[in-house]
Amino acid sequence: MNFEKIKAVRELLSSPQKIVIVPHKNPDGDAIGSSLALCFYLNGKGHSAAVVVPNDFPKFLKWLPGNDEVLNFEKQNSRAKEKLEEANLIFTLDFNHLGRSGQMTPLLEGSKAIFVMIDHHQEPGDYAQITYSDVNMSSTCEMVYNLIEYLGDRDAITPEMANCIYTGIMTDTGSFKYSSTTSRTHRIAADLIDKGADNTSIHNLVFDTNTPSRLHLLGCALKNMVILEDYQTVYITLSQEELNLYGYQKGDTEGFVNYGLTLDGICFAVIFIENKEEGIIKISLRSEGNFSVNEFARKHFNGGGHMNAAGGKSDVSMEQTVSNFLESLEEYKTELTQLVR
Ligand code: 5GP
Ligand code: MN
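So, here is what we can say about the structure in this document. Everything numeric in this text was worked out from a predicted model, so none of it was measured. (Residues numbered from 1 in each chain as written. Chains lettered and ligands numbered in written order. Predicted model: local features only at pLDDT ≥ 70, side-chain atom pairs only at ≥ 80, totals over all residues. Heavy atoms only, no water.)

Moving on: the overall build of the protein. Helices and strands together make up the secondary structure of the protein, namely 14 helices and 12 strands. Within the span of the protein, comprising 341 residues, buried residues form 50% of the whole. Long-range contacts, defined as pairs at least 24 residues apart, comprise 65% of the intrachain contacts of the protein with a sequence gap of at least 6. Total accessible area on the protein stands at roughly 15800 Å², and carbon and sulfur atoms take up 47% of it. Of the charged side chains in the protein, 30 are positive and 45 negative; the average position of the first set lies 4 Å away from that of the second. (Helix = DSSP H or I, 4+ residues; strand = E, 2+ residues; numbered from the N terminus. Buried < 20%, exposed > 50% of the residue type's maximum accessible area, 1.4 Å probe, protein only. Contact = heavy atoms within 4.5 Å. Areas by Shrake-Rupley, 256 points an atom, 1.4 Å probe, with all protein chains shown as cover. Lys, Arg positive; Asp, Glu negative; His and termini not counted. Charge placed at Lys NZ, Arg CZ, Asp CG, Glu CD.)

Another point: the layout of surface pockets. Of the voids in this model, the second largest pocket is the one considered here, and its volume is about 190 Å³. What lines the second largest pocket is a set of 15 residues, among which Cys39, Ala49, Ala50, Glu69 and Val70 lie closest to the centre. Counting residues per element, the lining of the second largest pocket draws most heavily on helix α2 (residues 29–44), at four residues. Here the residues of the lining of the second largest pocket sort into eight nonpolar, three polar and four charged. (1 Å grid on protein atoms, 1.4 Å probe; cavity = no way out; pocket = protein on both sides within 12 Å on 5 of 7 lines; lining within 4 Å. Points joined across faces, edges and corners; volume = space filled by probe spheres on them. Nonpolar A, V, L, I, M, F, W, Y, C, P; charged D, E, K, R; others polar.)

In this section: the site of ligand 1. Residues in close proximity to ligand 1 total 14 residues, the closest being Arg100, His121, Lys282, Ser284 and Arg286. Contact distances for ligand 1 include 2.5 Å between an oxygen atom and a side-chain N or O atom of His121. Within the backbone of Gly311, an N or O atom sits 3.3 Å from an oxygen atom of ligand 1. Here ligand 1, which alone exposes 490 Å², has 81% of that area covered by the protein. Where the shell around ligand 1 is concerned, the elements lending two or more residues are β10 (280–287), β11 (304–305) and β12 (309–314). Here the element with the most residues in the shell around ligand 1 is β12; it accounts for four residues. Its residues assigned to classes, the shell around ligand 1 shows two nonpolar, nine polar and three charged. (Near = heavy atom within 4 Å. Polar contact = N/O pair within 3.5 Å; in protein donor to acceptor, adjacent residues only side chain to side chain.)

For the rest of this paragraph, the subject is the coordination of the manganese ion (ligand 2). The protein atoms that coordinate the manganese ion (ligand 2) are Asp30 (OD), Asp94 (OD), His120 (NE2) and Asp172 (OD), at distances of 2.1 to 2.3 Å. Coordination of the manganese ion (ligand 2) draws on donor residues from a single chain, spaced D-x63-D-x25-H-x51-D in sequence. Here Asp94, found in the loop between β4 (89–93) and α4 (105–110), pairs with His120, found in the loop between β5 (114–119) and β6 (130–133); they are 26 residues apart in sequence, far enough to count as distant. Each member of the pair, Asp94 as well as His120, carries the same accessibility label: buried. (Donors = N, O, S within 2.8 Å, 3.2 Å for Na, K, Ca; no water.)

Tallied over the full model, the rule gives 15 aromatic pairs. With 6.2 Å between their ring centres and 55° between their planes, Phe291 and Phe296 make a pair best called tilted. Judged by relative accessible area, which is 1%, Phe291 ranks as buried. An aromatic cluster of at least three residues, connected via ring pairs, comprises Tyr235, Phe268, Phe272, Phe291, Phe296, Phe301, Phe325 and Tyr332. The cationic tip of Lys62 hangs over the ring face of Phe57; the distance from NZ or CZ to the ring centre is 5.1 Å. (Phe/Tyr/Trp six-rings, centres within 6.5 Å; stacked < 30°, edge-to-face > 60°. Lys NZ or Arg CZ within 6 Å of the ring centre and 35° of its normal.)

With that settled, consider unusual backbone geometry. We note that Asp94 has phi near 70°; this positive angle belongs to a residue other than glycine. What makes Asp94 buried here is its relative accessible area of 1%. Unlike most non-glycine residues, Phe176 shows phi in positive territory, near 70°. Turning to its location among the elements, Phe176 is positioned in the loop between α6 (159–172) and α7 (183–194). Exposure remark for Phe176: the relative accessible area of 19% places this residue in the buried category.

Our next topic: empty space enclosed by the protein. Here the structure, examined in full by the defined rule, presents one cavity of 30 Å³ or more. Contributing to the lining of the largest cavity are Lys18, Ile19, Val20, Ser48, Ala49, Ala50, Lys83, Glu86 and Ala87. Going through the elements one at a time, β1 (18–23), β2 (48–53) and α3 (77–86) are the ones with two or more residues in the lining of the largest cavity.

The next point concerns the packing of α2 against helix α5 (residues 140–150). Two measures define how a pair of helices packs: the angle their axes make with one another and the distance between the axes. Contact pair α2 / α5: the axes reach a minimum separation of 8 Å and the direction vectors enclose 20°. What the angle tells us is that α2 and α5 run roughly parallel. In the crossing of α2 with α5, the sense of the turn from one axis to the other is right-handed. Here α2 contributes Asp30, Gly33, Ser34, Ala37, Leu38 and Tyr41 to the contact with α5, which in turn contributes Thr140, Cys141, Val144, Leu147 and Ile148. Its residues placed into classes, the contact of α2 with α5 shows seven nonpolar, three polar and one charged. (Axes fitted to C-alpha atoms, helices over the stretch in contact; angles between N-to-C directions. Parallel < 35°, antiparallel > 145°, perpendicular 65-115°, else oblique. Left-handed = near helix turned anticlockwise from the far one by under 90°.)

In structure tokens form, the structure reads like this:
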């Protein structure tokens, strides 16, 4: 973040503001962690800040400090709308196109508030007056930490904020293993532990929350896995019927897509998950090396994300979606077979 932008944020925050913080639809650990941490920070500085999420998020994130104050746009629509209408400043976190805010999109598009974007995804849009976008960052949580530091307030990081920020860095880096993890990421994590982040508890609360039905659903997903050796690719499908059979709860399929990448020689893994209620197939894509799933998701599945982790959707049937996927793979055959793990 350059000096001009830091100065602009400082000026915006120089008097008490009514602020709403919005993460992306289907918020993950980074989206929720960064939103809650920023909310604590802003309220601590005398502003009136609230987090409004487009829709619900998984149970394994509901222990996070500040969780009880979060407004769900779907479930608490009138209160959430009121907050948005009152706001003169809106921070959008962990996404960079207003369409990623789901049902909140029209309200955000029509809002007169000043927007500040903090995000690490590729190809940012230009809706915000202040854009803090950096694709080299491990997580939006790391960027919120940076922002607080740039504003000279590192000492204002409370144990609650430290726990929120640590959670998002941990989930977005696959527990500090993805290539976006730098020595600075580790230094920040160390500082957060010094400031009260309980790293062992956070790990347990996020990852050791399996239920028998989730493990059975994982079994089903792995059984459904198709290996396309010639393309160094695997894909998994989960139909709505299968999700129902194993009592699917939000968040249950988190991480399933990564299993394919643990196979020797596999560089591209995809999971297709049917959502009958929304009438879509939600798609998660992961890669290793130089194969850009951001570009693949953007071009073929109306999505986007990062080089090695992206998402998208399809509004045709599962069968047709998989068939479209197989067809689009042809275009990448040479590229995919040349990838070395
Ligand atoms: P996941 O597969 O875990 O849902 O998401 C992987 C990454 O892609 C995350 O950074 C997420 O924000 C992004 N992402 C997921 N779905 C979409 C989508 O539909 N559109 C865009 N632009 N990004 C997505
Ligand atoms: Mn993120």
